[in-house]
Structures are given as structure tokens and as C-alpha cells.
Amino acid sequence: MAEAVCATTDPELWHGMGGELTKAKKICAACPVRPQCEEYGRELEGDASHGYRHGVWGGTDAKTRTRRRKQARPVKADRDAQILRLAERGVSPKEIAAQLGITDRTVSRVKQRAA
Ligand code: SF4
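Let us look at the structure shown here. The structure displayed is predicted, hence computed values, not measured ones. (Residues numbered from 1 in each chain as written. Predicted model: local features only at pLDDT ≥ 70, side-chain atom pairs only at ≥ 80, totals over all residues. Heavy atoms only, no water.)

1. So, the site of the ligand
Then step 1. The immediate surroundings of the ligand are formed by Ala4, Cys6, Trp14, Cys28, Cys31, Val33, Arg34, Cys37 and Gly58.
Then step 2. Class assignment of the residues belonging to the shell around the ligand gives a composition of 7 nonpolar, 1 polar and 1 charged. (Near = heavy atom within 4 Å. Nonpolar A, V, L, I, M, F, W, Y, C, P; charged D, E, K, R; others polar.)

Below, the structure is given as C-alpha cells:
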């Protein structure tokens, strides 16, 4: 992601501890690709247990992503249904991703799973 603010900073901040993570989250707050980054991080981690999550993705730490993953399960089903409805209407994957604040990859994955 060319717009990633972290591309011009110390990468260790995103994998550090305590104060470093707080600094990373503050930098993420101003990043234009934050929603896509958080989504990408969640996709990479999938259903991994908390112990296998680390670092900051889209301004979220491992604890936050673990909590959101648990809370998002029913929402994810609704989102997937929405993706399929939009795709059936002929909306392009790029437009679907932009409307729902997710990545093109998520749209493709949901469509492939439903096929
Ligand atoms: S939101 Fe993602 S891409 Fe943006 S600064 Fe944070 S970690 Fe980097």
C-alpha cells in the first residue's frame, strides 16, 4: 500500500511492546488506508488464537483484534451476504470493496467460497 504512513517510519514500532505500540496506534490513526490495513491483518490472522496474534494492524493491537474477531462472526455472515447480493447485481469487486470498507481480496474469497 503506497499510502501507508508506516512505510516511512521505524517498522519496529509495530511489533514492539507497550509504549511503542501506543506510538504505532497514534500513527495509524492518521493513515488513509487504516480500514483496509485492519481488514488485511484480520484476514492474515484468520481464526488464530490470541497467542498467535501480534503487532499493530490498522491501529489495532492483538487484544483488540481478538475481541473484534469474536464479536464480528454474525456481522461477517451479514457482510458476506451483502457482498453476494451486490455481486449478483453486477457491482464490480472493487466497488463492493469500497462500499463495504474491505479489501478486493475479501470480496474474491467470499465469492469463491459461495461458488
Ligand atoms: S494503518 Fe496499517 S498501513 Fe497505515 S500506518 Fe497503520 S499499520 Fe501502517
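Additional details are given in the paragraphs that follow.
2. Details of helix H2 (residues 34–45)
Then step 1. Across its 12 residues, H2 extends 17 Å between first and last C-alpha, which sits within 8% of the 16 Å expected from 1.5 Å per residue.
Then step 2. Residues of H2 that are buried include every one of Cys37, Glu38, Glu39, Gly41, Glu43 and Glu45, and no others.
Then step 3. Gly46, located one to two residues past H2, shows a positive phi value of around 55°. (Helix = DSSP H or I, 4+ residues; strand = E, 2+ residues; numbered from the N terminus. Expected span 1.5 Å × (residues − 1). Buried < 20%, exposed > 50% of the residue type's maximum accessible area, 1.4 Å probe, protein only.)

3. A closer look at helix H1 (residues 18–29)
Then step 1. Taking 1.5 Å per residue, 12 residues should reach 16 Å; H1 reaches 17 Å between its end C-alpha atoms and fits that length.
Then step 2. Every buried residue belonging to H1 is among Leu21, Ala24 and Cys28, and all of these are buried. Down the axis of H1, the buried side of the element spans an arc of 60°, and every buried residue falls inside it. Residues of H1 that are exposed and point over 90 degrees away from its buried face: Gly19, Lys23, Lys26 and Ala29.
Then step 3. On its buried face, H1 sits against H2. (Arc of directions from axis to C-beta. Contact = heavy atoms within 4.5 Å.)

4. A closer look at the packing of helix H4 (residues 93–100) against helix H5 (residues 104–114)
Then step 1. Remark: H4 packs on H5, axes separated minimally by 8 Å, with the N-to-C direction vectors making an angle of 115°. Comparing their axes, H5 and H4 come out roughly perpendicular. Regarding H4 and H5, the two cross each other, and that crossing is right-handed. Of H5, the residues touching H4 (which contributes Pro93, Lys94, Ile96 and Ala97) are Asp104, Val107 and Lys111.
Then step 2. A per-class count over the contact of H4 with H5 returns 4 nonpolar, no polar and 3 charged. (Axes fitted to C-alpha atoms, helices over the stretch in contact; angles between N-to-C directions. Parallel < 35°, antiparallel > 145°, perpendicular 65-115°, else oblique. Left-handed = near helix turned anticlockwise from the far one by under 90°.)

5. Topic: the pattern of salt bridges
Then step 1. Per the counting criterion, the structure on display carries 11 salt bridges.
Then step 2. Across the salt bridge formed by Glu38 and Arg42, the nearest N and O atoms sit 2.9 Å from each other. Taken as a pair, Glu38 and Arg42 lie in helix H2 at a separation of 4 residues, close to a single helical turn.
Then step 3. Residue Arg113 is joined to Asp80 by a salt bridge in which the shortest nitrogen-to-oxygen separation is 2.8 Å. Of this pair, Arg113 sits in helix H5 while Asp80 sits in helix H3 (residues 62–88), and the two are 33 residues apart along the sequence.
Then step 4. Within this structure, Glu38, Glu39, Arg42, Arg68, Arg79, Asp80 and Arg113 form a network of salt bridges that share partners. (Salt bridge = Lys/Arg side-chain N within 4 Å of Asp/Glu carboxyl O.)

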